[in-house]
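Descriptive structure summary
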Amino acid sequence: MGITRTPTSLTQSSATRGGIGESTLRPDGTLKVTGEFAYSSDLWHEDMLWGYTLRSTVAHAAIVSIDTSEALATSGVYAVLTYDDLPTEVKHYGLEIRDTPVLAHGKVRHHGEPVALVAADHPETARRAAAKIRVEYDALPVITDEASATAPDAVLVHEGRDDHHIGHVPHPNIVHRQPIVRGDADRAAERADVVVSGEYVFGMQDQAFLGPESGLAVPAEDGGVDLYVATQWLHSDLRQIAPVLGLPERKVRMTLSGVGGAFGGREDLSMQIHGCLLALRTGKPVKIVYNRFESFFGHVHRHPARLWYEHGATRNGKLTHVRCRIVLDGGAYASASPAVVGNAASLSIGPYVVEDVDIEALALYTNNPPCGAMRGFGAVQACFAYEAQMDKVAAELGMDPVEFRQVNAMEQGTVMPTGQTVDSPAPVAELLRRVKSRPLPPERQWETTEGADVRALPGGLSNTTHGEGVVRGVGYAVGIKNVGFSEGFDDYSTARVRMQVINGEPVATVHTAMAEVGQGGVTVHAQIARSELGVTQVTIQPADTQVGSAGSTSASRQTYMTGGAVKNTCEAVREKVLDLGRRRFGSYHPAWATAELLLEGGKVVTDGGEALADIADVLEDDVVDLELEFRHRPTQAFDLRTGQGNGHVQYSFAAHRAVVEVDTELGLVKVVELACAQDVGKALNPLSVVGQIQGGTTQGLGVAVMEEIVVDPKTALVRNPSFTDYLIPTILDTPTIPVDVLELADEHAPYGLRGIGEAPTLSSTPAVLAAIRQATGLELNRTPVRPEHLTGS
Amino acid sequence: MRVTFTVNGRPQEADDVWEGESLLYVLRERMGLPGSKNACEQGECGSCTVRLDGVPVCSCLVAAGQVQGRRVDTVEGLAGEDGELSAIQQAFVDAGAVQCGFCTPGLLVAADELLEHNPSPSDGDIREALSGNLCRCTGYEKILDAVRLAAARTGQGV
């Protein structure tokens, strides 16, 4: 258990202290360690009521009747709402397709679907009143997989679809389908000396953010509502909430409260509309806080998937072709499924050069829990499968698996299956070299002078082995993830920056709607403002809907996009400040007119380093205040038949090496070390960058060996909605995670940076699986791996 | 019912407490001390860890009535009266051990207790002591760094 430190090789260049490239500390750190930071579940308002959601106990059924009379008559209950109480004709919401009922109407489509709402003066009163609501269900056949979804007589999960995907899907129980055809896979297969195929299964993972879904809705005097909530994208919520309430968007004022993690699970709405409905109905503030059981039903999960792959290669190790088919289970509602399909298809072959491909990805509508965004979506499932295939092909060829990957690794200039040329650094071979060249942890690393340290062995404190039956394995994987919103989406962020003199000192104020979910965006915004404006004092205003959209805190995009917006607006503010300076002082020094001018250390300086004036003197009583939008370069939709199109903005790469010890008798796995190398373009905050990589790596470890939402295949009921039965890695399960950071600039991106949040979640899982395969010699075509898969019993 | 106990050295009282309420609920909703967190409310995540007569417990699993007359210490009591952060709090900030921060209060209380009886823990000791506290953001590496840092600083008398 060695020590991992933030890499010291990272450059730290900033003329102004606390600027970009420095590991400045979080501005919210002190509040978070004292317990004063206000998360959405901590909010309190005088006279507030507690909301509770009654959810379906069955997965697919017609609703025959709902009787709320006994619940309404309960002392302490202020309101009970069902579908019939919704105030407008807009009764559905959704990220892209508005297919999700605010409250169930006519039928329920998955276990845990919201059916009714209660507001009461105590959370327990609300819960007990909800238990008195009588819902009569009439069971419908349950759609749980591709066979049952696309059978000729299959019940339709959604009848009368009119969304823009229905025209091109082969069956109404398929949300979206994306083929990609490039070259001629059939002809290329004739050149192959070895052909390897496999079928893989990826289990349903939960984001398991620790701060439960929660928020406070406060009715306002103007008939509107103030909503304080934890989310990933305030303006996307707003667009979905306001029409259901029958309010103009300006009367739904949203403020981000403290967010206890997200990882994609807060991209869809949870309690937002419900809380507002109850607040507007009762005229009182309403707080809703899910407990962990409800949280498992309160947000979408990572799509489980079945993946079929065929890889061919020549004897000298060159890939000839890839054929694959990826079937994602989207569950009962669309959520982010179309985008997940696009990612899975376009990134399906991984970071390799293959000219001839035949690819298909699709997402099903079923009665399983809805699935949508989770860190790395679409790319995570594909990476698990294509990396297993790469090991298989290497074994068939008798080649070293890392060397085989390096022989086929993409690089700058490689053309993707979509026809898009990768036009920034793609150091795939180098990342693999770096993780491979690290020294391995010592053999029998559990041995100490006082005997075996069971904490370092499979089984841990259960004390199941002192090394007997324990076999080591080492595995490698590498992955590719897109950064930002793709496929022609108008992806933009807004930043408002104000500069003025306060108490004789220039101060920058940054206002965005960016959801800080823990990633450290607030830290980075302050660093950018310091670097661009030469100030030491930066105020980060709370995120709300009084400023333009910042887009989503997802898709590894926020430092690129809202960071880019802050940079962009700061540059415009700087020009205004310099204009002021030229007007006030231009006649005193020719450099005002001739030199490149910067703001540094509180002064206007020339690019030669000569100070011309104090910023405070330039500004005097003037306030420079600008709000501007920032866009990344446009992308294109993928052709619906061929999958061709410049669909992505930027790519992100990470590689892992996993070292595991497996107790082959009991089927227990101890991951000893999980080393990562990642290209980040430019580390704006090295400490935070390493923290993101380690966190993403650990979520990948979780779905390799323990995390899975188990859904009964017959009833579609969720069997393990708790932290007792859905296990996420503890500090004892998590190994040392040494991180090696590359900084190869992407000239198209602000500061050359690369979105980093998701890539480490991709290759972590297949690296662990590869290591377990090496230790056991087993094929292991599904994740997570459970003890019975290793012992065969 | 009425419940009276000491929180962070100060006597506190809560009225109209329903018998089913947890210590966590009373701290958060009745005493204005929301620092202890409600991540799972079933004793699995450690986010609500407080010390009950010095012993770390999940406050979600303690019925409020059980605390009558006893001593409770929460994350809000770690910093000094003047607001100065304790060694473990400062180390969490400095080491980058805080991301979303929802697990942080529970980890701080657990780590504080560890360092109290084991001022220079091995990595294995740290992992064992904190194994009841889930963190979803950090991968735990910076949390280990923070505990090592606090131990080192305290050992040097800083």
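Residues numbered from 1 in each chain as written. Chains lettered and ligands numbered in written order. Predicted model: local features only at pLDDT ≥ 70, side-chain atom pairs only at ≥ 80, totals over all residues. Heavy atoms only, no water.

- Looking up chain B in an unreviewed UniProt entry gives the name Xanthine dehydrogenase, iron-sulfur subunit, with the organism given as Actinacidiphila bryophytorum.

- Per an unreviewed UniProt entry, chain A is named Xanthine dehydrogenase, molybdenum binding subunit, and its organism is Actinacidiphila bryophytorum.

**A look at the sheet that holds strand β12 (residues 225-229) of chain A**
Residues and elements named next belong to chain A.
- Strand order in the open sheet made by the seven strands is β3-β7-β1-β14-β11-β12-β13, with mixed pairing throughout. Of all the strands in the sheet, just β3 (77-81) and β13 (252-256) have a single pairing partner and so form its edges. Each neighbouring strand pair of the sheet contributes to a mean axis angle of 20 degrees, computed without reference to strand direction.
- Pairing analysis gives four bridges linking β3 to strand β7 (residues 114-120), with the strands arranged antiparallel. Each bridged residue has a counterpart across the sheet, and for V77 the counterpart in β7 is A120.
- Packing against the sheet, helix α6 (residues 234-245) makes contact with β12 and β13, and its axis sits at approximately 150 degrees to β13. (Pairing = 2+ DSSP bridges. Helix = DSSP H or I, 4+ residues; strand = E, 2+ residues; numbered from the N terminus. Axes fitted to C-alpha atoms, helices over the stretch in contact; angles between N-to-C directions. Contact = heavy atoms within 4.5 Å.)

**Focus on the domain arrangement of chain B**
All names here are of chain B.
- Domain boundaries in chain B define domain 1 (3-75) and domain 2 (87-153).
- Opposite the 15 residues of domain 1 that make contact, domain 2 presents 14 residues.
- Buried area between domain 1 and domain 2, summed over both chains or domains, comes out near 1,100 Å², and the portion from carbon and sulfur atoms is 61%.
- Counting across the interface, domain 1 meets domain 2 through two salt bridges. (Domains from an automatic or database assignment. Buried area = accessible area lost by both parts, 1.4 Å probe. Salt bridge = Lys/Arg side-chain N within 4 Å of Asp/Glu carboxyl O.)

**A word on the packing of helix α13 (residues 521-533) of chain A against helix α14 (residues 558-585) of chain A**
Residues and elements named next belong to chain A.
- One can describe the packing of α13 onto α14 by two numbers: an axis separation of 9 Å at closest approach and a directional angle of 30 degrees. Comparing their axes, α14 and α13 come out roughly parallel. Here the hand of the crossing between α13 and α14 comes out right-handed. Contacts between α13 and α14 involve V524, H525, I528, A529, E532 and L533 from the former and T559, T562, G563, V566, K567, C570, E571, V573 and R574 from the latter. (Parallel < 35°, antiparallel > 145°, perpendicular 65-115°, else oblique. Left-handed = near helix turned anticlockwise from the far one by under 90°.)

**Concerning empty space enclosed by the protein**
All names here are of chain A.
- Applying the stated criterion across every chain yields a total of nine cavities of 30 Å³ or more.
- Size it by volume and the largest cavity reaches roughly 610 Å³.
- Q519, T553, S556, Q692 and G757 are, among the 40 residues lining the largest cavity, the residues nearest its centre.
- When grouped by side-chain class, the residues that make up the lining of the largest cavity number 16 nonpolar, 18 polar and six charged.
- Split by domain, the residues of the lining of the largest cavity number at least three in each of domain 2 (421-484 + 648-791) and domain 3 (492-631). (1 Å grid on protein atoms, 1.4 Å probe; cavity = no way out; pocket = protein on both sides within 12 Å on 5 of 7 lines; lining within 4 Å. Points joined across faces, edges and corners; volume = space filled by probe spheres on them. Nonpolar A, V, L, I, M, F, W, Y, C, P; charged D, E, K, R; others polar.)

**Considering the pairing of strand β2 (residues 10-14) of chain B**
- With five bridges connecting them, strand β1 (residues 3-7) of chain B and β2 of chain B associate as antiparallel partners. From the neighbouring strand, V7 of chain B faces β2 of chain B, where its bridge partner is R10 of chain B.

**Structural notes on the pattern of salt bridges**
Residues and elements named next belong to chain A.
- According to the stated counting rule, one finds 66 salt bridges over all chains in the structure shown.
- With a closest N to O distance of 2.5 Å, E146 and R325 form a salt bridge. Here R325 lies in strand β17 (residues 319-329) and E146 lies in helix α4 (residues 146-150), a separation of 179 residues in the sequence.
- The salt bridge involving R253 is made with D222; its shortest N-O contact spans 3.0 Å. Here R253 is found in strand β13, whereas its partner D222 is found in the loop between β11 (214-219) and β12, with 31 residues between them in sequence.
- Since its relative accessible area comes to 35%, D222 is described here as partly exposed.
- In this structure, a network of salt bridges that share partners links the residues R26, D28, K32 and E516. (Buried < 20%, exposed > 50% of the residue type's maximum accessible area, 1.4 Å probe, protein only.)

**Comments concerning the side chain of H303 of chain A**
Residue and element names in this part refer to chain A.
- Mapping H303 onto the fold places it in the loop between β15 (301-302) and β16 (305-313).
- Given the relative accessible area of 0%, H303 is considered buried.
- A polar contact is formed between the side chain of H303 and the side chain of S337, at a distance of 2.7 Å.
- With near-sequence residues (within four places) excluded, H303 lies in contact with F202, L328, D329, G330, S337, V340, C371, G372 and Q381. (Polar contact = N/O pair within 3.5 Å; in protein donor to acceptor, adjacent residues only side chain to side chain.)

**Section: the UniProt feature "domain: Aldehyde oxidase/xanthine dehydrogenase a/b hammerhead" (unreviewed entry) in chain A**
- Per the UniProt record, "domain: Aldehyde oxidase/xanthine dehydrogenase a/b hammerhead" (unreviewed entry) is found at residues 34-141 of chain A.
- Segment residues 34-141 of chain A splits into 13% helix and 35% strand. End C-alpha atoms: 52 Å apart. (UniProt positions renumbered as here; feature names shortened; annotations may be inferred.)

**A few points about the domain arrangement of chain A**
Residues and elements named next belong to chain A.
- In terms of domain boundaries, chain A breaks down into domain 1 (40-140 + 212-259 + 266-298), domain 2 (421-484 + 648-791) and domain 3 (492-631).
- The straight-line distance from the C-alpha centre of domain 1 to that of domain 2 is 37 Å.
- Each partner contributes residues to the interface: domain 1 has eight residues there, and domain 2 has ten residues.
- Summed over the three residues of domain 1 that lose the most area to domain 2, namely H111, R292 and F296, the buried surface amounts to 65% of that side.
- Counting across the domain 1 and domain 2 interface gives one residue pair in polar contact (both at pLDDT 80 or more).

**Focus: the interface of chain A and chain B**
- Listed by partner, the interface residues are 68 residues for chain A and 55 residues for chain B.
- Its largest share of buried area at the contact with chain B, chain A owes to V33, L210 and I731 of chain A, together 18% of the area lost on that side.
- Every element with two or more residues in the side of chain A that touches chain B is listed here: α1 (29-34), α3 (123-131), β14 (286-289) and α17 (686-705) of chain A.
- Ranked by residues supplied to the side of chain A that touches chain B, first place goes to α17 of chain A with eight residues.

**A look at the sheet that holds strand β30 (residues 650-663) of chain A**
All names here are of chain A.
- A sheet is described by the order of its strands in space; here four strands give the open sequence β22-β30-β31-β32, paired in mixed fashion. Either end of the sheet is taken by a strand with one partner, and the two such strands are β22 (470-483) and β32 (739-742). On average, adjacent strands in this sheet sit at an angle of 20 degrees to one another, irrespective of strand direction.

**Here we look at the nonpolar core**
- Y309, F404 and V768 of chain A are the most contacted members of the largest nonpolar core, which has 98 residues in total.
- With twelve residues, helix α10 (residues 379-397) of chain A is the largest single contributor of residues to this core.
- Excluding anything up to four places from it in sequence, Y309 of chain A contacts V196, S197, G198, V322, R323, C324, I326, S348, A382, A385, Y386 and Q389 of chain A.
- Formed by 55 residues, the second largest nonpolar core is a distinct cluster that contains F209 and F723 of chain A together with A95 and A111 of chain B. (Core = buried A, V, L, I, M, F, W, Y, C linked by side-chain atoms within 4.5 Å.)

**Some points on helix α12 (residues 428-437) of chain A**
- Of all the residues in α12 of chain A, the buried ones are V428, L431, L432 and V435 of chain A. Around the axis of α12 of chain A, the buried residues are gathered within 100 degrees of arc, so they sit on the same side. (Arc of directions from axis to C-beta.)

**Here's the deal with unusual backbone geometry**
Residues and elements named next belong to chain A.
- With an omega dihedral of 0 degrees, the bond running from T783 to P784 counts as a cis peptide bond.
- Looking at the element boundaries, P784 is found in the loop between β33 (782-783) and α19 (787-791).
- With phi around 60 degrees, F263 is a residue other than glycine that occupies positive phi space.
- Looking at where F263 falls in the secondary structure, it is placed in the loop between β13 and α7 (272-282).
- Although it is not a glycine, R444 sits at a positive phi angle of roughly 45 degrees.

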